[in-house]
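Coordinate inspection notes
One letter stands for each residue in the lines below.
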Amino acid sequence: MKVLILYQSFTGNTELVTQRIERTLRATDITPDTIKVRKEINVELYDYDLIFLGTPVIQWLPAKPILEFIRSKLEHHRKRGDILPTSPKLPDKYAVCYCTYSGPHTGVREAVPAVKYMEQFFEHLRFSVVGEWYIVGELRNNEILATSGMLGDIRGRPNENDLTNVEQKVKDVVDKIRCQKSRSQKDLPEDFVPKPLQFLSMNVDLANSFKGLVGTLKSTSSVDEKTQALIKAVLSAAYKCKDCLKFHVLEALKHGATDMEIRDAFYCGTPLGGTPYLAFAFEVLEELDLV
Ligand SMILES: Cc1cc2nc3c(=O)[nH]c(=O)nc-3n(C[C@H](O)[C@H](O)[C@H](O)COP(=O)(O)O)c2cc1C
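Here the residue numbers are simple positions, counted from 1 along each chain's written sequence. Reporting in this predicted model follows two pLDDT cut-offs: at least 70 for local features of residues, and 80 or more for side-chain atom pairs to be given and counted; totals over whole chains, interfaces and linings ignore these cut-offs and use all residues.

**A few points about the overall build of the chain**
Secondary structure summary: the chain contains 11 helices and six strands in total. Each principal axis of the C-alpha distribution contributes one length, and for the chain these read about 75 × 45 × 35 Å. A pair of residues counts as a contact when their C-beta atoms, built from backbone coordinates, are within 7 Å of each other. Once local pairs closer than 6 in sequence are excluded, the contacts in the chain between residues at least 24 apart make up 75%. Secondary structure elements are taken from DSSP: a helix is a run of H or I of four residues or more, a strand is a run of E of two residues or more, and numbering for both begins at the N terminus.

**Observations concerning the pairing of strand β1 (residues 3-7)**
Comment: burial labels come from other C-beta atoms within 10 Å of the residue's own C-beta, placed from the backbone, where a count of 20 or more is buried, 12 or fewer is exposed, and between is partly exposed. Across the five residues of β1, four count as buried, placing the element largely inside the fold. Only when DSSP finds a minimum of two bridges between them are two strands counted as paired. Here β1 pairs with strand β3 (residues 50-58) via five bridges, running parallel. Considered in β3, the bridge of Leu4 is made with Ile51. Pairing between β1 and strand β2 (residues 33-36): four bridges, direction parallel. The partner of Tyr7 across the bridge, within β2, is Lys36. Read from β1 through helix α1 (residues 13-27) to β2, the crossover connection turns out right-handed. Handedness rule for crossovers: strands pointing away from the viewer, path from the first strand over the helix to the second running clockwise, crossover right-handed.

**Here we look at the site of the ligand**
Only the C-beta atom matters for this test: placed from the backbone, it must lie within 6 Å of a molecule or strand for the residue to be near it. If you check the shell around the ligand, you find 20 residues, and the closest are Ser9, Asn13, Thr14, Pro56 and Gly137. Of all the secondary structure elements, the ones that give two or more residues to the shell around the ligand are α1, β3 and β5 (94-101). Three classes are used, and their members are as follows: Ala, Val, Leu, Ile, Met, Phe, Trp, Tyr, Cys and Pro are nonpolar, Asp, Glu, Lys and Arg are charged, and the others, Gly among them, are polar. Looking at the shell around the ligand, its residues break down into eight nonpolar, 10 polar and two charged.

**Quick notes on helix α9 (residues 242-254)**
Between its first and last C-alpha atoms α9 spans 18 Å; for 13 residues at 1.5 Å apiece the expected length is 18 Å, and the two agree. Counting buried positions over the 13 residues of α9 gives 11, a clear majority of the element. Those residues of α9 that sit buried are Cys244, Leu245, Lys246, Phe247, His248, Val249, Leu250, Glu251, Ala252, Leu253 and Lys254. Of the residues trailing α9, Gly256 is marked for its positive phi of about 90°. Take the residue count of a helix, subtract one, and multiply by 1.5 Å to get its expected span.

**Points about the environment of Pro196**
With respect to the element layout, Pro196 can be found in helix α6 (residues 195-200). For Pro196, a count of 15 C-beta atoms within 10 Å puts it in the partly exposed group. In sequence terms Pro196 and Cys244 are 48 residues apart; their C-alpha atoms lie 8.0 Å from each other. Residues in contact with Pro196, not counting those within four places in the same chain, are Cys241 and Cys244.

**Here's the deal with the domain arrangement of the chain**
Where a domain begins and ends is set by an automatic assignment or by a domain database. Each domain of the chain was delimited in the assignment, giving domain 1 (3-185) and domain 2 (195-287). Just the C-alpha atoms count here: the centres of domain 1 and domain 2 sit 34 Å apart. Of the residues forming the side of domain 1 that touches domain 2, the biggest block, three residues, is contributed by helix α5 (residues 160-185). Of the residues in the side of domain 1 that touches domain 2, the class split is two nonpolar, four polar and two charged.

**Points about the nonpolar core**
By size, the foremost hydrophobic cluster in this structure holds 42 residues, and its most contacted members are Phe52 and Ala95. Looking at this core, the element that brings in the most residues is β5, giving seven residues. If near-sequence neighbours (up to four positions away) are discounted, Ala95 is found in contact with Ile51, Leu53, Phe122, Phe127 and Val129. Core analysis: the second largest hydrophobic core is formed by 20 residues, Leu250, Ala265, Phe266 and Phe280 among them. In plain words, the nonpolar core is the set of buried Ala, Val, Leu, Ile, Met, Phe, Trp, Tyr and Cys residues that C-beta atoms within 7 Å link up.

**Section: helix α7 (residues 204-220)**
Taking 1.5 Å of rise per residue, 17 residues should cover 24 Å, and α7 covers 24 Å from first to last C-alpha, within 8% of that figure. Burial of α7 is sparse: only zero of the 17 residues sit out of reach of the surface.

**Notes on the pairing of β3**
Judged by how many residues are buried, β3 sits mostly within the fold: eight of nine residues are covered. Pairing analysis gives seven bridges linking β3 to β5, with the strands arranged parallel. The partner of Thr55 across the bridge, within β5, is Cys99. Here β3 runs beside strand β4 (residues 61-62); their pairing, made up of two bridges, is antiparallel. Bridged to Val57 within β4 is Pro62.

**Topic: the packing of helix α8 (residues 225-238) against α9**
The axes used here are C-alpha line fits, helices contributing only the stretch in contact, and every angle between their N-to-C directions lies in the interval 0 to 180 degrees. In contact at an axis separation of 8 Å, α8 and α9 are set at 160° when each is read in the N-to-C sense. Classified by the interaxial angle, the pair formed by α8 and α9 is roughly antiparallel. Crossing handedness for the pair α8 and α9: left-handed. Facing Lys226, Ala229, Leu230, Lys232, Ala233, Ser236 and Ala237 of α8, the residues of α9 in contact are Cys244, Leu245, His248, Val249, Glu251 and Ala252. In the contact of α8 with α9, the residues fall into eight nonpolar, two polar and three charged. Oblique is the label for every angle not falling under 35 degrees (roughly parallel), over 145 degrees (roughly antiparallel), or within 65 to 115 degrees (roughly perpendicular). Each crossing is labelled by how the near helix is turned from the far one, with a counterclockwise turn of less than a right angle marking it left-handed and a clockwise turn marking it right-handed.

Have a look at this one:
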């Protein structure tokens, strides 16, 4: 897994968190590239499977170098055609946005816009955001706000406890992605053809027009590909086509669906499909090791 850490830090708090992220990644056999952000840095974001972006919160937003970096990268990717209507998720592209903040006036609420801003950047690039972390950091050189703000006495933060929490979150993210990757790559070969299609293929014209229909539906839909795959998986369960169900669930995984999203999609169909539908879906999901 290729991992990039981009961050900014003025008084060292975000740097401490960043160092802990790095250390934890190394312990899981990942050697990340770490860059302290300036407006213009020459990095190809799509080369990475997982990107961490960290900032101190400055007046509710990311620090200026991060804001400038985001704007300049957005422009670059827009020109290159990477930003698409409905932002369909790319498979195996993940991001974590984190900040350190002091929250002297309104607590974590003043850090939320900063992290949400960074998240939007990744969602526009079609990455799946798998973490949104808020870590308390002492407001340096301001004893009053560091001891009597909304969060009380925050001197010495982030402390060892904060950093241990970060460590755990990093491990969880890496586990989740590794698990997702192995899922989306296993069980079915790349050229897997569900049985109904195999049958259709006995008539070449029929098979071609079916493929044409599927392709047109995919490329003209305003619904992202993950959701399309989930809808098809639910319909496959209602019509009791095991092969189709497997195929579409694995498609959904490839497009970044989580186990929980897959389960929730099947739950959605229950009022119409009833318990026989749910039992069938459960059986196949069990075979795929998803429940
Ligand atoms: C100019 C300035 C503005 C800040 N604005 C906010 C803010 O709006 N909300 C907040 O929670 N913390 C704010 N902080 C506190 C920092 O976000 C916090 O101390 C952070 O941990 C600093 O990270 P760093 O040591 O990596 O630079 C501000 C700090 C400075 C210096």
